[in-house]
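Below are the chains, spelled out letter by letter.
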Amino acid sequence: MKVGIQVPATMANLGCGFDCLGLALPIYNTIIVEETVLPGSGIEINIIDEKNPDSVLNIPTDKNNIVYKAIELLYSYIGQVPDELKITIKTQIPVARGLGSSASVVVGGLMAANTLLRNPADEAVLLSIATEIEGHPDNITPAIKGGVTLSSWEDDGSVVYRKLPWYDDWKVTVCIPDYELATEISRSVLPKEVLLKDAAFNLRRSAMFVEALHTHDSELLKLAMRDRLHQPYRKKLVPGLVAIMDNLRHTNGVLGCFLSGAGPAIGVVSCGANINEVKDIVANTWRDMNVNTQFYSLPLDNEGAKRIL
């Protein structure tokens, strides 16, 4: 039996919602898991990136691969051990750019293995296992459910989430620089403690964000997507981030700009006007630093992960 799961890219934090807000985009990784028929064939892992084959050269293709580790956890959940499996990972989501590439393959591997095992794990279990691997649910939840999600990893290991509304006139432009930034490095610069006034600032902005989405309030969204918990500390890892945000804040039609997840990709929400101007501002700022930029202007993916094989 062979199962293929398509999983969207995700952008996490969205400015104010550190480790709890995320959205899904129609850029996909596909994970195919197949039960092989040859006894003793073991685990075979193939990783394919047709556009950028060099980007996957350093990803493990043995039992240290994150997809295998996710599958192993699911098998352990039902008291089994994976034996002969062929795992194929077809990637379109850029690696180490803050677009949820690791979350996507974790979700895809879990869902594919769960299907092979006749679905012993429900959605709650899959969310819990995937979040245990990732360490936070902000990418995991939109990868599974699509759209915009608010989620919390509870003390008992469960994930509580809600999908939030989004509107067709709010366009997302993804700006991807041509260099990688490992999540571990981006997390290492965050402080263990923050000032009370900064925590309160983000609490206010998160409340504004939810209200803006429920009321389609573009002016409130402009205030809501600001942050003091993670972006100020990560800006030194993403040269040009401050200049880009300052310039876009004064650009007509721009509702918000944020570092996507751990970075270095940047997300820009606009009313659909002046998208070319947005691209020019970002491209010119990074070009002055010898950084090339890839752009996507996309609707949201509202379905989330789904079986395609």
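The structure contained in this document is the topic of the report that follows. Just so we're clear, the structure is a prediction, and the values are computed from it rather than from any experiment.

### Considerations on the pairing of strand E2 (residues 21-35)
With twelve of 15 residues buried, E2 lies mostly within the body of the structure. As judged from the three bridges shared by E2 and strand E5 (residues 148-153), these two strands associate in the antiparallel manner. Considered in E5, the bridge of Gly22 is made with Thr149.

### Structural notes on the nonpolar core
Among the nonpolar cores identified, the biggest contains 39 residues, and Val33, Ile71, Leu74, Ile87, Val107 and Leu110 are the most heavily contacted of them. If one sorts the elements of this core by residue count, helix H2 (residues 101-116) sits on top with nine residues. Sequence-distant contacts of Leu110, defined by excluding residues within four places in its chain, comprise Ala70, Leu74, Leu126, Ile129 and Ala130. Counting residues in each nonpolar core, the second largest holds 32 residues, with Cys20, Leu213, Leu221 and Val269 among its members.

### Considering the layout of surface pockets
Taken as a whole, the largest pocket encloses approximately 940 Å³ of empty space. Contributing to the lining of the largest pocket are 42 residues, with Val95, Ala96, Ser101, Ser102 and Thr183 lying nearest its centre. Within the residue set of the lining of the largest pocket, elements represented by two or more residues are helix H1 (66-77), H2, helix H3 (123-134) and helix H5 (183-188). Looking at the lining of the largest pocket residue by residue, the class counts come to 17 nonpolar, 16 polar and nine charged.

### Re helix H9 (residues 241-249)
Within an α-helix, residues lying three or four positions from one another point in the same direction, as the helix has 3.6 residues per turn. For H9, every residue scored as buried is listed here: Leu241, Ile244, Met245 and Leu248. Buried residues of H9 fall within an arc of 95° about the axis and therefore sit on the same side. Buried positions along H9 lie against helix H8 (231-234), strand E8 (254-259), strand E9 (266-270) and helix H10 (275-287).

### Some points on the packing of H1 against H3
H3 packs onto H1 with a crossing angle of 135° between their chain directions and a minimal axis gap of 11 Å. Here H1 lies oblique to H3, going by the angle between them. Both H1 and H3 take part in a crossing whose hand is right-handed. The residues of H3 that touch H1, namely those facing Ile66, Ala70, Leu73, Leu74 and Tyr77, are Val125, Leu126, Ile129, Ile133 and Glu134. The residue makeup of the contact of H1 with H3, split by class, is nine nonpolar, no polar and one charged.

Reading the values: the criteria
- Residues numbered from 1 in each chain as written.
- Predicted model: local features only at pLDDT ≥ 70, side-chain atom pairs only at ≥ 80, totals over all residues.
- Heavy atoms only, no water.
- Buried < 20%, exposed > 50% of the residue type's maximum accessible area, 1.4 Å probe, protein only.
- Helix = DSSP H or I, 4+ residues; strand = E, 2+ residues; numbered from the N terminus.
- Pairing = 2+ DSSP bridges.
- Core = buried A, V, L, I, M, F, W, Y, C linked by side-chain atoms within 4.5 Å.
- Contact = heavy atoms within 4.5 Å.
- 1 Å grid on protein atoms, 1.4 Å probe; cavity = no way out; pocket = protein on both sides within 12 Å on 5 of 7 lines; lining within 4 Å.
- Points joined across faces, edges and corners; volume = space filled by probe spheres on them.
- Nonpolar A, V, L, I, M, F, W, Y, C, P; charged D, E, K, R; others polar.
- Arc of directions from axis to C-beta.
- Axes fitted to C-alpha atoms, helices over the stretch in contact; angles between N-to-C directions.
- Parallel < 35°, antiparallel > 145°, perpendicular 65-115°, else oblique.
- Left-handed = near helix turned anticlockwise from the far one by under 90°.

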